[in-house]
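Letter by letter, the chains look like this.
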Amino acid sequence: SHRCVTNPVFLAYADRVTQAMAEHYAHEPAVTGWQIDNELNCETDEFHSEADGHAFRQYLRKKFGTLDALNKAMGTTFWNQTYTHWAEVDVPRLTPGTGRNPHIMVEYIRFVSESAISFCEMQAAILRLWRKEGDFITTNGLFASIDNHRMARESLDVYTFDCYPNFAYGLDNVSPEGDLRDRWAALKLIQT
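The shown structure was predicted, so the numbers you read here are calculated from the model rather than taken from an experiment. Residues take numbers from 1 onward in each chain, read along the sequence in its written order. pLDDT decides what is reported in this predicted model: residues at 70 or higher carry local features, side-chain atom pairs at 80 or more are listed and counted, and totals for whole chains, interfaces and linings draw on all residues regardless. Side-chain metrics in this entry use all non-hydrogen atoms of the structure; hydrogen atoms and water are not considered.

**Regarding the overall build of the protein chain**
To be explicit about the condition: Only runs of H or I of at least four residues qualify as helices and only runs of E of at least two qualify as strands under DSSP, and these elements are numbered from the N terminus. Whether two residues are in contact is decided by their heavy atoms, any of which lying within 4.5 Å being enough. Accessibility throughout is a Shrake-Rupley quantity obtained with a 1.4 Å probe, and a residue counts as covered only by protein chains that appear here.
Looking only at helices and strands, the protein chain features six helices and two strands. Its helices and strands in sequence order give the protein chain the pattern α-β-α-α-α-β-α-α, from N to C terminus. In the protein chain, the share of contacts with a sequence separation of at least 24, taken over all contacts with a separation of at least 6, comes to 63%. For the protein chain, the accessible area works out to roughly 11700 Å², and carbon and sulfur atoms hold 58% of it.

See the structure below:
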């Protein structure tokens, strides 16, 4: 869960590892499915590496085309946030007095989701080449920083989630029905 899915070096190694595992285990009869990664964007959904800044600029450049279009869409005239060169665009950070530009934040959240989905799809594409008929591709999580429906539709055969019994300690973790909340929430999720 601690990775930079926009870093080209990391992505090259992830590609190699996925390829090697798929090739090695593809014909094992005990293998009936493949889990991609573990809990994408679980611990954090904000990324500030140099690779993230570069990838965010590329994402915005592809979406808006020009700095003028970006500035107009992002309302950057407020408090002199106007960009004059693509190199000035970076992942959002707090700015004195105003906090973060809400328009940039929306695009950043979309970018974080897009990055995770792209990382998942890269691995899924490799696994599709090697899996046996009937093998499934999954990942676990369901985190708010990812368009989970899109990722499931485009990359996965089934989307799974985790149910951790140790999260059930304390009376505040009891549902209105009297069940332990983690199991209650999981049951409600399965039923929908």
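**A closer look at empty space enclosed by the protein**
What counts here: Grid points spaced at 1 Å over the protein atoms alone were grouped into cavities, where a 1.4 Å probe fits but cannot get out, and pockets, open sets with protein on both sides within 12 Å along at least five of seven lines, with lining residues defined by an atom within 4 Å of a point. Grid points are joined across faces, edges and corners, and a volume is the space filled by probe spheres set on the points. Note on residue categories: nonpolar means Ala, Val, Leu, Ile, Met, Phe, Trp, Tyr, Cys or Pro, charged means Asp, Glu, Lys or Arg, and polar means any other residue, Gly included.
Evaluation of the coordinates by the stated rule reveals one cavity of 30 Å³ or more. For the largest cavity, the full set of lining residues is Arg-3, Cys-4, Val-5, Thr-6, Asn-41, Phe-47, Asp-52, Phe-111, Val-112, Ser-115 and Ala-116. Among the residues making up the lining of the largest cavity, the classes are represented as six nonpolar, three polar and two charged.

**Looking at the packing of helix α2 (residues 50-64) against helix α4 (residues 102-130)**
Packed helices, taken two at a time, are described by the angle their axes make and the gap between the axes. Filter applied, for reference: In this description, a line fitted to the C-alpha atoms serves as the axis of each element, helices being fitted only across the stretch in contact, and the angle between N-to-C directions of two axes falls anywhere from 0 to 180 degrees. Roughly parallel means an angle under 35 degrees; roughly antiparallel means over 145; roughly perpendicular covers 65 to 115; every other angle is labelled oblique.
Axis separation between α2 and α4 bottoms out at 11 Å; the angle between their running directions is 105°. Overall, the two elements α2 and α4 adopt an arrangement that is roughly perpendicular. Contacts between α2 and α4 involve Asp-52, Ala-55, Phe-56, Tyr-59, Leu-60, Lys-63 and Phe-64 from the former and Ile-104, Glu-107, Tyr-108, Arg-110 and Phe-111 from the latter.

**Side note on the side chain of Asp-52**
The line we're drawing: Only protein chains enter the area calculation, which uses a 1.4 Å probe; residues under 20% of their type maximum are buried, those over 50% are exposed, and those in between are partly exposed. Polar contact is defined as a pair of N or O atoms within 3.5 Å, subject to the rule that within protein one atom must be able to donate a hydrogen and the other to accept it, and that residues adjacent in sequence are counted only when both atoms are side-chain atoms.
Mapping Asp-52 onto the fold places it in helix α2. The class for Asp-52 is buried, based on a relative accessible area of 4%. A polar contact is formed between the side chain of Asp-52 and the side chain of Ser-49, at a distance of 2.9 Å.

**Section: the pattern of salt bridges**
Where we set the bar: By definition here, a salt bridge exists when the distance from a side-chain nitrogen of Lys or Arg to a carboxyl oxygen of Asp or Glu is within 4 Å.
Counted by the stated rule, this structure contains seven salt bridges. Residues Asp-157 and Arg-131 are paired through a salt bridge, measuring 2.4 Å at the closest nitrogen-oxygen approach. Of this pair, Asp-157 sits in the loop between α5 (148-155) and α6 (181-191) while Arg-131 sits in the loop between α4 and β2 (136-138), placing them 26 residues apart in sequence. Salt-bridge contacts for Glu-154 lead to Arg-150; the nearest nitrogen and oxygen are separated by 3.0 Å. Of this pair, Glu-154 and Arg-150 both sit in helix α5, four residues apart, roughly one helical turn. Where salt bridges share partners, they join Lys-63, Glu-107 and Arg-110 into one cluster.

**Description of the packing of aromatic side chains**
How we decide: Pairs were defined over the aromatic rings of Phe, Tyr and Trp, the Trp ring being its six-membered one, requiring ring centres within 6.5 Å. Orientation was assigned from the angle between planes: stacked under 30 degrees, edge-to-face over 60, tilted for the rest.
Scanning all chains against the criterion turns up six aromatic pairs. Each ring, one from Phe-56 and one from Tyr-108, has its centre 5.6 Å from the other, and the planes form 90°; the classification is edge-to-face. You can see Phe-56 sitting in helix α2 and its partner Tyr-108 sitting in helix α4, a full 52 residues away along the chain. Considered together, Phe-56 and Tyr-108 belong to a single accessibility category, that of buried residues. Three or more aromatic residues joined by ring pairs make a cluster, and in this case those are Phe-56, Tyr-59, Tyr-108 and Phe-111.

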